[in-house]
Amino acid sequence: MTSPAQAGGAATPGTPGAAASSTPPTTPGPAVAPAKDSAGVRGLIFLRDRGIFVLWVLLIAVFAVWANPYFATLNNAILIANAAAISAIFAAGVAVGIICGALDLSIPGVAALSSCVAGWMITNGLPVWLALVVGIVLGALVGLVNGLISLRGFNPIIVTIAMLSITSAAAAIVAGGYTFPGLTQLDFMGTQRYLGIPAPVWITAGVFLVGTVFLTKTRDGIRLMAVGGSAEAVRRSGIHSDRYKVFAFVISSTCAGLGGLVTTATVTEANPSASPGLIFTALTAVALAGVSLVGGRGSLPRVLVGALVLATISNGLTIVGVQPYWATGVTGALLIGSLTLERWVTTSVSRRLMATAQASVHTGTR
Amino acid sequence: MNATTTTTTPALELTGIDMHYGYVRALDSIDFHVGQGEVVGLLGDNGAGKSTLLKIMSGAHRPSAGTVRVHGDEVELHSPSAATHAGIQMVYQDLALVDALDIATNLNIGREILRPGIFGLLGFVDHKAQRKRSEAELDKLGVRTAAMTRPVEMLSGGQRQVVALARSATRVSGEQNGILLLDEPTAALGYEQTQVVQALVRRMADQGIAIVLVTHNLALANAVCDRMVVLNRGRKVADVVTAETDNDHLVGWITGARASMFE
């Protein structure tokens, strides 16, 4: 694949077969040298960008054999999706934040606050829709505050840790130290199934659909990603990059609020205790999905698969009767593995690109 | 001045620019101008004041004294965005491209084309139209770097430089031809890539953009500049048409071995 010499590329001017194997040829220009640098590089990039999908398919295949016949059933698939749903919503929030360079650690607190305020409202006979709206708006507001404080030059990690304490305290105050049990009014977004699929799965699907379209197709989404990649580049283009950073905090926190509400609906109880484990599960899914913690890079569908991988591992290992703490260990190992892969791919790609850079400039294409 | 090739109003004109940092006089009554379609090289040793002068032009610094005129109108460049507004674009050495995004997105950020109809109102970007526009713009500049969908991180150094230059060029060549400030555009490039960038700078000038080029590289300056201005210890010591000078004179002025042509 990678062998043909780059200098000899001119011998096959515009080979149609070579061009067809790469991306759709957008430019009708002379497709001379490129085909071979791409084969290797493209393979590596594919591994980096789609590796998580491959990993998931492998996991499913392994468990389908190992945990036969209980794993590969429709019911189990729904079980896995449902188990992944809530952590995926939180992961979406974390991912959007990280992509824009705004890591939000207050997510568990915001989730607890939203769910307790909504629980209080429902318990006190206020309409369910209002409780949900207030819960989500509250999340957005906390994000706004996070963003505005961070803009003043404070370290966002510390700011959001402080906000984690504040929001979980507020949740406990609202709940008066207890929980709000028996919130069966929320069943429609908790345990209810539509077309055989549980409500949280639908909600998660909606969140990721909207999020993906937003990040890849709309002006604000693209700018948000660009701010994460290089705030300076965006600023020099005459855009207020700060606004987008605040916006990322708002999205992050709104997802946290929504996640809190869905959790409440699933367990029919609003609990004021913020579980920090939540943020780590979300971060694991995000990191598995190859979202660079530096920002500017990442895709939501991969994050979704990241959450699904975690759910698949714990589900599969449970079925085969392995102790659940093994699942945690395996997840950790996977995480380090994925980082290693990412590093390796990045260095090999840059090495290959360096090797072909001269040729590329010379031909003026690619 | 001694060597103006155009008789029209200069695109950018600085008169009597002084710059003090405390007791240090970084610039001493500098007069400088660049016409439309002209490439002016700004040469000098380290600490001669090139960067300071460039920062004044780009709005990053305010001069202690002196006036700046853009197309004949006096302007206050109190911030980089004011300079941008006046039609002055600076290309920094660190390029500032968004690595993970593709070429077309990088070229279009800040001036996106939205899709027509309801999708446009929702803020949906017309990627296809953007790619087309960027292709046309790059063709006009005579550079076809790579497929528009290629992420910037997969480009070579020369290609990145070309993208960064093109981004600035497309931003100043709107209704009125603007001014491009280049800071060592080939410092990080190899021979081959330097040739590409040189050709690009010339073509941008041919399209009427006024270009100020700060460089240490005499070969580059000789190849692309119409005129050269040499600074030495904060003073302008030479302002010559490229064709009427040679390296020995330039080196003399840069090092201070040769007397200023204004004294």
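Only a predicted model underlies this, so the values are computations on that prediction, with no experimental measurement involved.

The rules behind the values
- Residues numbered from 1 in each chain as written.
- Chains lettered and ligands numbered in written order.
- Predicted model: local features only at pLDDT ≥ 70, side-chain atom pairs only at ≥ 80, totals over all residues.
- Helix = DSSP H or I, 4+ residues; strand = E, 2+ residues; numbered from the N terminus.
- Contact = placed C-beta atoms within 7 Å.
- Expected span 1.5 Å × (residues − 1).
- Buried ≥ 20, exposed ≤ 12 C-beta atoms within 10 Å, placed from the backbone.
- Axes fitted to C-alpha atoms, helices over the stretch in contact; angles between N-to-C directions.
- Parallel < 35°, antiparallel > 145°, perpendicular 65-115°, else oblique.
- Nonpolar A, V, L, I, M, F, W, Y, C, P; charged D, E, K, R; others polar.
- Domains from an automatic or database assignment.
- Pairing = 2+ DSSP bridges.

Overview of the overall build of chain B
Then step 1. For chain B, the helix and strand inventory stands at nine helices and ten strands.
Then step 2. Taken over the C-alpha atoms alone, chain B extends approximately 65 × 40 × 35 Å along its principal axes.
Then step 3. Long-range pairs, those at least 24 residues apart, make up 66% of the contacts in chain B with a sequence separation of at least 6.

Description of helix 10 (residues 241-267) of chain A
Residues and elements named next belong to chain A.
Then step 1. Across its 27 residues, helix 10 extends 40 Å between first and last C-alpha, which sits within 8% of the 39 Å expected from 1.5 Å per residue.
Then step 2. The buried count for helix 10 comes to 23 of 27 residues, which makes it a mostly enclosed element.
Then step 3. Once helix 10 finishes, Thr268 follows within two positions and takes phi at roughly 50°, a positive value.

Comments concerning the packing of helix 7 (residues 199-217) of chain A against helix 8 (residues 219-229) of chain A
All names here are of chain A.
Then step 1. Contact geometry of helix 7 with helix 8 gives a least axis separation of 5 Å together with a crossing angle of 75°. When the interaxial angle is binned, helix 7 and helix 8 end up roughly perpendicular. Between helix 7 and helix 8, the contacting residues are Phe214, Leu215, Thr216 and Lys217 on the first element and Gly221, Leu224 and Met225 on the second.
Then step 2. Residue classes in the contact of helix 7 with helix 8 are distributed as four nonpolar, two polar and one charged.

Some details on helix 4 (residues 107-123) of chain A
Residue and element names in this part refer to chain A.
Then step 1. For helix 4, with 17 residues, the first-to-last C-alpha span of 24 Å sits near the 24 Å given by 1.5 Å per residue.
Then step 2. Helix 4 sits mainly inside the fold: 15 of its 17 residues count as buried.
Then step 3. After helix 4 finishes, the residue Gly125 shows a positive phi value of roughly 80°.

Describing the domain arrangement of chain B
Residues and elements named next belong to chain B.
Then step 1. On domain assignment, one finds that chain B holds domain 1 (12-100 + 156-255) and domain 2 (101-150).
Then step 2. Computed over C-alpha atoms, the centres of domain 1 and domain 2 are 28 Å apart.
Then step 3. The interface of domain 1 with domain 2 comprises 13 residues on the first partner and eleven residues on the second.
Then step 4. Contributing elements (two or more residues each) for the side of domain 1 that touches domain 2: helix 6 (157-172) and helix 7 (191-206).
Then step 5. In terms of residue count, the dominant contributor to the side of domain 1 that touches domain 2 is helix 6 (seven residues).

Notes on the sheet that holds strand 1 (residues 12-21) of chain B
Residue and element names in this part refer to chain B.
Then step 1. Spatial strand order, 2-1-4-5: four strands in an open sheet with antiparallel pairing. If you trace the sheet from one side to the other, it starts and ends with strand 2 (24-34) and strand 5 (73-75), each paired once. Averaged over all adjacent pairs, the angle separating strand axes in this sheet is 30°, with direction ignored.
Then step 2. Pairing geometry for strand 1 and strand 4 (residues 65-70), over five bridges, is antiparallel. Looking at the pairing, Thr15 lines up with Thr67 of strand 4.
Then step 3. Here helix 1 (residues 50-57) sits on the sheet and contacts strand 1 and strand 2; the angle it forms with strand 2, its principal contact strand, is near 60°.

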